[in-house]
Amino acid sequence: MDATAQVPGAQRVLALVAELGDELVALRRDLHAHPELARTEHRTSAVVADRLRAAGLEPRTLTGTGLVADTGPSPDGARRVALRADMDALAVPDTCGAPFASTVPGVAHACGHDVHTVAVLGAGLVLARLADEGHLPGGVRLVFQPAEEVQPGGSLDLMAAGVLDGVSSVYTVHCDPKLDVGQVGTRIGTITSASNEVHVTLTGPGGHTSRPYLTGDLLYALGQVMTTVPAVLGRRFDPRWGVNLTWGTVHSGQAVNAIPSSATLAGTLRSLDARAWEQAGDEVGSIVDALVGPLGVHGEVRVVKGVPPVVNDATGTAVLEQAAYDVVGPDSVVLAEQSLGGEDFAWYLTSVPGAMARLGTRTPGAHTYDLHQGDLVVDDRAVTHGAALLARTAVLALLDQSTTA
């Protein structure tokens, strides 16, 4: 790929994004003020669809609230590049204090999906203009996905509906409040973790706290499971695989002087390696059995499969990096940290190659926020950076595709 030869194309992308800049920021603020939970993203889909139609595109609805639109030429046998956004919000109160804070009680765009949505929308509007001008070297599919924050996620629904049919590669961005706006984090290989839910149920005879020797002392067994299972897992797997089991809920007992007859605990089991993702659930079951059996307690483990790790393709990562150099800045690319957070974009990458980039959202020198917290603040410039990055990525991926075809 000859980046120097593509400088005029990059400048045209930047010019078109600049024309749309105020509108994109306003759209993101509108979506932020009207967040919708997984599989209820009706207003969000309608806002996006209306703007795509105004640009001459023909969006179509998939699986209720999913939205897909194609732009650019697609001759027989040619394959499209896909850009993916997730649209759902989280069930957390919005405490960001902005004039455009959530108007929906207890619901907020605390993971930046409003930014992701408008970034792909903006990229699509730019690409549609390039297509009208005859400067788009192939077809692009815009994918607006519902239900990323739940399991099973919306990516599986869209894939079952054929969203990847005719797609050669797929790209996305994810907000990163640890990176300054104007920075783009990339990494070849695993960038986010696999994630499963683990549910453990313990049962025993119960009894009086004055006579634990006559019972299985179920809460003692519960304590052993809580502390020992994560530790033993660390000895069952290569530490470079990043296996991590963290409990999130524990429920048992009602009286201080009664040993209960049942207890439940649940958490997430995460791994940076797909092999551990496949094996770790069985390991949890065997460890629980070994711990509670001698105590006269019965243990049952249920693993709910979540998402595999996001594994960035080397070629796709190079395309994202070149795009960042071209339209965000020559010093914009930084090495992204691996995260134990899960992201259902991973499912797309099990079918076609591609990559995810971290999009910096922090105002330089300002407070560092965290995702999934209601006080998240995003620098407005991240919206236009995301749109330009994805538009340029699509163009470069199409050029690379035509060169290697």
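This section reports on the structure supplied with the text.

Rules behind the numbers
Residues numbered from 1 in each chain as written. Predicted model: local features only at pLDDT ≥ 70, side-chain atom pairs only at ≥ 80, totals over all residues. Heavy atoms only, no water. Helix = DSSP H or I, 4+ residues; strand = E, 2+ residues; numbered from the N terminus. Rg over C-alpha atoms; globule rule 2.2 N^0.38 Å. Buried < 20%, exposed > 50% of the residue type's maximum accessible area, 1.4 Å probe, protein only. Contact = heavy atoms within 4.5 Å. Areas by Shrake-Rupley, 256 points an atom, 1.4 Å probe, with all protein chains shown as cover. Lys, Arg positive; Asp, Glu negative; His and termini not counted. Charge placed at Lys NZ, Arg CZ, Asp CG, Glu CD. Axes fitted to C-alpha atoms, helices over the stretch in contact; angles between N-to-C directions. Parallel < 35°, antiparallel > 145°, perpendicular 65-115°, else oblique. Left-handed = near helix turned anticlockwise from the far one by under 90°. Nonpolar A, V, L, I, M, F, W, Y, C, P; charged D, E, K, R; others polar. Salt bridge = Lys/Arg side-chain N within 4 Å of Asp/Glu carboxyl O. Polar contact = N/O pair within 3.5 Å; in protein donor to acceptor, adjacent residues only side chain to side chain. Expected span 1.5 Å × (residues − 1). Disulfide = S-S within 2.5 Å.

1. Quick notes on the overall build of the protein chain
(1) Moving on: For the protein chain, the helix and strand inventory stands at nine helices and 16 strands.
(2) Moving on: For 405 residues, the compact-globule estimate of 2.2 N^0.38 gives 22 Å, and the C-alpha radius of gyration of the protein chain, at 24 Å, lies within 12% of that figure.
(3) Moving on: Expressed as a percentage of its 405 residues, the buried residues of the protein chain come to 52%.
(4) Moving on: In the protein chain, the proportion of contacts linking residues at least 24 apart, taken out of those at least 6 apart, comes to 81%.
(5) Moving on: About 16,600 Å² of surface is accessible on the protein chain, with carbon and sulfur atoms providing 52% of the total.
(6) Moving on: Across the protein chain, the mean location of the 27 positive side-chain charges is 2 Å away from that of the 44 negative side-chain charges.

2. Let's talk about the packing of helix 2 (residues 42-54) against helix 3 (residues 113-132)
(1) Moving on: One can describe the packing of helix 2 onto helix 3 by two numbers: an axis separation of 10 Å at closest approach and a directional angle of 15 degrees. Here helix 2 is positioned roughly parallel relative to helix 3, judged by the angle of their axes. Remark: the crossing between helix 2 and helix 3 carries right-handed chirality. Along the contact surface, helix 2 presents Thr44, Val48, Arg51 and Leu52, while helix 3 presents Thr117, Leu121 and Leu125.
(2) Moving on: Across the contact of helix 2 with helix 3, the residue classes break down as four nonpolar, two polar and one charged.

3. Notes on the side chain of Asp94
(1) Moving on: Secondary-structure assignment places Asp94 in the loop between strand 3 (80-86) and helix 3.
(2) Moving on: One buried charged side chain, Asp94, makes no salt bridge at all; its nearest oppositely charged neighbour is Arg28, positioned 7.6 Å away.
(3) Moving on: Only 2.9 Å separates the side chain of Asp94 from the backbone nitrogen of Cys96, close enough to count as a polar contact.
(4) Moving on: A polar atom in the side chain of Asp94 sits 2.9 Å from the backbone nitrogen of Ser102.
(5) Moving on: Sequence-distant contacts of Asp94, defined by excluding residues within four places in its chain, comprise His32, Ala101, Ser102, Val107, Ala108 and Gly374.

4. A closer look at unusual backbone geometry
Outside of glycine, negative phi angles account for most residues, and trans bonds account for most peptide bonds.
(1) Moving on: A cis amide bond links Gln151 to the next residue, Pro152, at an omega of -5 degrees.
(2) Moving on: Position of Pro152 among the secondary structure elements: in the loop between strand 4 (140-145) and helix 4 (154-160).
(3) Moving on: Here Arg39, not a glycine, exhibits a phi torsion of approximately 65 degrees, which is positive.
(4) Moving on: Among the structural elements, Arg39 can be located in the loop between helix 1 (7-33) and helix 2.
(5) Moving on: Positive phi values are uncommon outside glycine, yet Asp217 reaches one of about 45 degrees.

5. Remarks on the side chain of Asp180
(1) Moving on: On the secondary structure map, Asp180 appears in strand 5 (residues 167-180).
(2) Moving on: A polar atom in the side chain of Asp180 sits 2.8 Å from the side chain of Arg362.
(3) Moving on: In contact with Asp180, not counting residues within four places along its chain, are Gly360, Thr361, Arg362, Thr363 and Pro364.

6. A word on helix 7 (residues 314-327)
(1) Moving on: Spanning 14 residues, helix 7 covers 20 Å between terminal C-alpha atoms, matching the ideal 20 Å at 1.5 Å per step.
(2) Moving on: Turning to helix 7, its buried residues number three or more, namely Gly316, Thr317, Val319, Leu320, Gln322, Ala323, Ala324, Asp326 and Val327.
(3) Moving on: At the N-terminal boundary of helix 7, the capping side chain belongs to Asp313, with an oxygen 3.1 Å from the backbone nitrogen of Thr315.
(4) Moving on: Of the residues flanking the end of helix 7, it is Gly329, one or two places downstream, whose phi is positive at about 155 degrees.

7. Some points on the state of the cysteines
Here, disulfide denotes a covalent bond that connects the sulfur atoms of two cysteines.
(1) Moving on: Inspection of every chain in the model, using the stated rule, returns zero disulfides.
(2) Moving on: With no disulfide of its own, Cys175 lies 7.6 Å from the sulfur of Cys111, the closest cysteine sulfur.
(3) Moving on: Looking at Cys175, the relative accessible area reads 1%, which means it is buried.

8. Describing the pattern of salt bridges
Side chains that carry opposite charge are capable of pairing whenever their charged atoms lie near each other.
(1) Moving on: Here the structure, examined in full by the defined rule, presents 22 salt bridges.
(2) Moving on: Between Arg12 and Glu133 there is a salt bridge, and its shortest N-O distance comes to 2.5 Å. With Arg12 in helix 1 and Glu133 in the loop between helix 3 and strand 4, this pair connects stretches of sequence that are 121 residues apart.
(3) Moving on: The partly exposed category is assigned to Arg12, whose relative accessible area is 27%.
(4) Moving on: Here Glu133 falls in the partly exposed class, since its relative accessible area comes to 30%.
(5) Moving on: A salt bridge links Asp50 to Arg53; the shortest N-O distance between them is 3.3 Å. Of the two residues, Asp50 and Arg53 both sit in helix 2, three residues apart, roughly one turn of that helix.
(6) Moving on: Judged by relative accessible area, Asp50 falls into the exposed class, the value being 51%.
(7) Moving on: Accessibility expressed as a relative area gives 48% for Arg53, which makes it partly exposed.
(8) Moving on: Ionic contacts of the salt-bridge type, sharing partners, join the residues Arg60, Asp70, Arg80 and Arg141 into one network.

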